[in-house]
Amino acid sequence: MCGLFGHRWTTHGAGSQRQLVEQLQSVYRMLERGILKSERVLSAMLATDRALYTDRSPYTDAPQPIGQKATISAPHMHAYALELLADHLRDGASILDVGSGSGFLTACFARMVRHPLVSEIEWNSAIHMVLPPLFHILAGGVVLVIQVGSTGRVVGVEHVWRLARRSTENVRRDDPNLLGNGCLRFVVGDGVLGWAEGAPYDAIHVGAAACKVPPKLVEQLRNGGRLLVPVGRPGRAQWLTQVDKKPDGSVSSRKMTTVTFVPLTESRHSQ
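Along each chain, the written sequence defines residue order, and numbers are assigned to residues from 1. pLDDT decides what is reported in this predicted model: residues at 70 or higher carry local features, side-chain atom pairs at 80 or more are listed and counted, and totals for whole chains, interfaces and linings draw on all residues regardless. With hydrogens and water excluded, all non-hydrogen atoms of the structure serve as input to the side-chain values.

Draft legend 1. Seen up close, helix 3 (residues 75-85). Burial classes follow relative accessibility: with a 1.4 Å probe on protein chains only, a residue under 20% of its type's maximum area counts as buried, one over 50% as exposed, and anything between as partly exposed. Numbered from the N terminus, helices here are DSSP runs of H or I no shorter than four residues, and strands are runs of E no shorter than two. Most of helix 3 is tucked away: 11 of the 11 residues are buried. All of the buried residues in helix 3 are Pro75, His76, Met77, His78, Ala79, Tyr80, Ala81, Leu82, Glu83, Leu84 and Leu85.

So, in structure tokens, the structure goes:
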């Protein structure tokens, strides 16, 4: 897949997820492109180790094949998509990821709609028995309590059941709690039809190119929500298109940048 703004990026391979993210920050800061602007996106990408989702040059800023004629997008494209959707990836939001592939971006979505709430309380013996499992005792007898806030829901839709199964396994290696608490799940289905069961969605991301903006996905978008979808035929120019549904239900679209994605195809349950 091509990089942003018509370029192909060739950052050197990093040795860890943190080094990869730091490279992305450095490159795009120099280019003044504004990628990786928010701390929430940065935190999600740092927490989601790409090596758990692909074993082929995981820390190189380039797309990699994951089988079944699918790829995991380049890290800078993941960062770009997360930033475009960041305002809609709120605690408690409902998200649909069509063509979820390896599950990497789906896991990032789940982390962003499941933000922890952090508070400080004074330590005393009376609260010892009622503290939640996650807490840290700080200097001066202060307890930093980490509680999971209202949990959002993320659905990843894949048309190949083997990819859906593999992405579930990838996330389980990463953080089984994302699956265990119902925050994240993968289903097999036709991407152009979305997943009506979980609608409406605050944000919908499509990881494959549609010939036109799929009407069903627009229907499943909540008023005030955002859809991000590559649009264009294989072998021709494709545009990453941002579709916004306004609070009154009216729809507007905007071409963001040229890209190259594999085509959005129908479900093949026999694969």
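Draft legend 2. Examining the pattern of salt bridges more closely. Only one rule defines a salt bridge in this text: a Lys or Arg side-chain nitrogen within 4 Å of an Asp or Glu carboxyl oxygen. Within this structure, the stated rule accounts for 6 salt bridges. Of the charged contacts in the structure, one is a salt bridge between arginine 222 and aspartate 202, with a shortest N-O distance of 3.1 Å. One end of the pair, arginine 222, is in strand 10 (residues 221-231); the other, aspartate 202, is in strand 9 (residues 201-206), with 20 residues separating them in the sequence. Note that aspartate 244 and arginine 226 form a salt bridge whose closest N and O atoms lie 2.6 Å from each other. In this pair, aspartate 244 is assigned in strand 11 (residues 238-245) and arginine 226 in strand 10, connecting sequence segments 18 residues apart. By the burial criterion, aspartate 244 is buried, and arginine 226 matches it. Here the salt bridges do not stand alone but share partners, grouping Arg90, Asp202 and Arg222 into one network.

Purely geometric numbers; function is a separate question.
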